[in-house]
Amino acid sequence: MIPETLDLAAIRSAYASGKCTPTMLIKATYPKLAAAPGVFLHLPPLDQLLERCAELESQPESSRGSMWGVPFALKDNVDIVGMPTTAACPAFSYMPKQSSPAVDKLLEAGGIAVGKTNMDQFAAGLVGTRSPSPAVPSTPFDARFISGGSSSGSAAAVGAGLVCFALGTDTAGSGRVPAGLCGCVGVKPTVGSVSTVGVVPACASLDCLTVFTASVADGVEVMTLMRQRAAGPEDVWRRPPPPLAPDSAPPAAGFRFAVPSPKQLDWAGPGGEAMTAACSAAFDAAVERLTAAGGVQVHDFDFEPLMAVAAMLYGTSFVAERYSGIRAFLEAPGGAAAAVAAKGGAAASDVQAAVIGDERLLPVTRHIIAGSAKFSAADVFDHIAAMAALRARALDSLARVDVLLVPTALAHWTQAEVLEEETAATPTWGRNAKLGRFTNFVNLLDMCGIAVPSGLVSYDAAALTEDASEEERKRAAHLAATGPTSVTLPFGVTLLAKAWRDDWLWGVAAKMEAAAGLRCGPAGHGVVPAAGK
């Protein structure tokens, strides 16, 4: 009896019945994993996974862990012994000598790691299309639309019901945006609460290990396990929670929340007025649900300092941390930076700028990382000072509320729309940037978050008004040529709170999830995925 859904409760029930075993589940699931377009960058041979199943099945019931026989996947910038780590850059590939501590904990609890998932190269992106693989993940709702990134394959795998849960990472939204676009839950913990040893750094000081799941309850259980394992002295970014006063947690009812202003809720895009209206209505419904869950809305909250903090992540010298994280690779022999350095007398900025010619990286990735070259060491300290001032303003605003409620993403882009920008002779990434509107500031301001499904947005792209934009007409033509013009896509919201209030926030998220009445992926939303031509 193979469970119809791969959530923890269904898997445990199937095993408890005696009519299903890990071997049976993996044999039934593996063909789906292998057939999932662009979702995985590495799948172990079936025989290797069945060896793991046999190992688990030989364990006495009394010694079986809480994740016994549970299939999960992990983003390809997270280390696990026996599978290569590439960060979606084949030239970067290596075989880890040890697994990430969080992965070790999940394996110790009985989990079955079924493969490494696709991602935006070096975790630089929120779109999910920045991968050199022949195919890239899409949302399970409609293969023409993006999955979101950078944890694209992980969210797509959970949203499509291929695995019970999947690990991702989050520096600027990569553990939240894909959850919203794939119709699943994304848990982003407090920075430093989960070990990031064995994670390829994007921005090491901001990186989080995250999890995508079918429900809030599953996310809480998996994340609770992940938080338990550390790596000793080399765990330099891990930190203990501060002592909490008995009254430090917000109340279960009467907590204060704020939402972005109508100006900041910019739904405009190729979906036109119909999509704008659908997204606006879906977000209004989420506000009503949070109010019903015990929230009291603060109407004069100032989001502008948060938006300014968000802009600094990629618009200032802070982008240099992207270069720093993989500097050894970028400057190793064989790369464009090494060639410039070898000539002698080159300034550091010239070496960094040379990355724009490094053909081991995708053009859009090169342009982002090479952007660090235009900043000086003095700029770094100027920007640290500017960030301190902005952070003070932002924290002053945040002191007035317990929760922020934001759209997980402001837009659903088609893969074609993103590639149009990012594969140009000089790549641009305005559409990616819009996805980060309410995500980029979160780790910079030391907040925790959780993304949950909250509704559906539907419209017919063919129903164009006389004053429809060229962008709307181009999308309508693309959809007509590739499948139905009527689209139905998931709408998600994210709850954000101060660091170390994760557990309290998860409780609020569970109420929102229950009120929305939605489960994971198309099936959990009552949607039949769009069929292409």
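Residues numbered from 1 in each chain as written. Predicted model: local features only at pLDDT ≥ 70, side-chain atom pairs only at ≥ 80, totals over all residues. Heavy atoms only, no water.

(A) Region of interest: the packing of aromatic side chains. Enumeration over the complete set of coordinates arrives at eleven aromatic pairs. Note on F72 and F165: the rings are 4.9 Å apart at their centroids and 5 degrees apart in plane angle, and the pair reads as stacked. Of this pair, F72 sits in strand β2 (residues 71-75) while F165 is found in strand β4 (residues 165-170), placing the two residues 93 residues apart along the sequence. Neither F72 nor F165 differs from the other in exposure class; each is buried. (Phe/Tyr/Trp six-rings, centres within 6.5 Å; stacked < 30°, edge-to-face > 60°. Helix = DSSP H or I, 4+ residues; strand = E, 2+ residues; numbered from the N terminus. Buried < 20%, exposed > 50% of the residue type's maximum accessible area, 1.4 Å probe, protein only.)

(B) Main features of the side chain of D218. Summarising the element assignment, D218 is placed in helix α7 (residues 216-226). Despite its burial, D218 pairs with no opposite charge, the nearest such side chain being R519 at 6.1 Å. From its side chain, D218 meets the backbone nitrogen of L8 in a polar contact 3.0 Å long. (Lys, Arg positive; Asp, Glu negative; His and termini not counted. Salt bridge = Lys/Arg side-chain N within 4 Å of Asp/Glu carboxyl O. Polar contact = N/O pair within 3.5 Å; in protein donor to acceptor, adjacent residues only side chain to side chain.)

(C) Representation of unusual backbone geometry in the model. G149 connects to S150 through a cis peptide bond whose omega is 0 degrees. Relative to the helices and strands, S150 resides in the loop between β3 (112-117) and α5 (152-159). Located in the positive-phi region is A123, a residue other than glycine, with phi close to 60 degrees. The class of A123 is buried, set by a relative accessible area of 5%. One non-glycine residue with positive phi stands out, namely W500, at about 75 degrees. Among the secondary structure elements, W500 is positioned in the loop between β11 (486-498) and α19 (502-516). Given the relative accessible area of 18%, W500 is considered buried.

(D) Quick peek at a nonpolar patch on the surface. On the surface, V380, F381 and I384 cluster together into a nonpolar patch covering about 280 Å² of accessible area. If you trace the backbone, F381 turns up in helix α15 (residues 377-398). (Patch = residues over 30% accessible without salt bridge, like charges linked within 9 Å, V, L, I, M, F, W, Y side chains within 5 Å. Areas by Shrake-Rupley, 256 points an atom, 1.4 Å probe, with all protein chains shown as cover.)

(E) Fine view of the layout of surface pockets. Its volume calculated, the largest pocket comes out at about 740 Å³. Considering the residues around the largest pocket, the lining is formed by 38 residues, among which V158, G159, A160, G161 and L162 are closest to the centre. It is helix α2 (residues 22-35) that contributes the most residues to the lining of the largest pocket, four residues altogether. The residue makeup of the lining of the largest pocket, split by class, is 25 nonpolar, eight polar and five charged. The set of elements that each furnish at least two residues to the lining of the second largest pocket consists of α9 (304-315) and α17 (430-435). Considering each element in turn, the lining of the second largest pocket owes the most residues, four residues, to α9. Split by residue class, the lining of the second largest pocket holds ten nonpolar, four polar and three charged. (1 Å grid on protein atoms, 1.4 Å probe; cavity = no way out; pocket = protein on both sides within 12 Å on 5 of 7 lines; lining within 4 Å. Points joined across faces, edges and corners; volume = space filled by probe spheres on them. Nonpolar A, V, L, I, M, F, W, Y, C, P; charged D, E, K, R; others polar.)

(F) Main features of the nonpolar core. Of all hydrophobic cores here, the largest spans 128 residues; its most connected members are L404 and F441. Here this core takes eight residues from helix α8 (residues 272-292), the largest share from any one element. Excluding its chain neighbours within four sequence positions, the residues that come into contact with L404 are A258, F301, F303, L306, L398, F441, M447, T494, L495 and L496. Counting 19 residues, the second largest nonpolar core, distinct from the first, contains F122, F329, L330 and V355. (Core = buried A, V, L, I, M, F, W, Y, C linked by side-chain atoms within 4.5 Å. Contact = heavy atoms within 4.5 Å.)

(G) Region of interest: the sheet that holds strand β8 (residues 295-297). Ordered in space as β1-β3-β2-β4-β6-β5-β10-β11-β9-β7-β8, the eleven strands form an open sheet in which the pairing is mixed. Each end of this open sheet is capped by a strand with a single partner; those strands are β1 (40-42) and β8. Direction aside, the axes of adjacent strands within the sheet are offset by 30 degrees on average. Across three bridges, strand β5 (residues 185-188) lies against strand β6 (residues 208-213) in antiparallel orientation. Directly across from G186, in β6, lies its bridge partner F212. Contacts from α7 reach β4, β5, β6 and β10 (447-460) within the one sheet, and its direction differs from that of β6 by about 145 degrees. (Pairing = 2+ DSSP bridges. Axes fitted to C-alpha atoms, helices over the stretch in contact; angles between N-to-C directions.)

(H) Molecular detail of the environment of V222. Positionally, V222 belongs in helix α7. When its relative accessible area of 0% is taken as the criterion, V222 is described as buried. Taking the C-alpha atoms as reference points, V222 and E304, 82 residues apart in sequence, are found 34 Å from one another. Apart from residues lying up to four places away in sequence, V222 is in contact with M67, L106, F165 and V211.

(I) Focus on the domain arrangement of the protein chain. According to the domain assignment, the protein chain consists of domain 1 (1-239 + 258-301 + 400-532) and domain 2 (317-374). Between domain 1 and domain 2, the C-alpha centre-to-centre distance is 30 Å. Contact residues are listed per partner, giving 21 residues for domain 1 and 13 residues for domain 2. With both sides pooled, the region where domain 1 packs onto domain 2 buries about 1,600 Å², and carbon together with sulfur makes up 71% of that total. When the buried area of domain 1 at its contact with domain 2 is split by residue, Q121, F122 and W429 rank highest and sum to 26% of it. Across the contact surface, domain 1 and domain 2 share zero salt bridges. Counting every contact that joins domain 1 to domain 2 gives five residue pairs in polar contact (both at pLDDT 80 or more). In terms of residue class, the side of domain 1 that touches domain 2 is built from 14 nonpolar, five polar and two charged. (Domains from an automatic or database assignment. Buried area = accessible area lost by both parts, 1.4 Å probe.)

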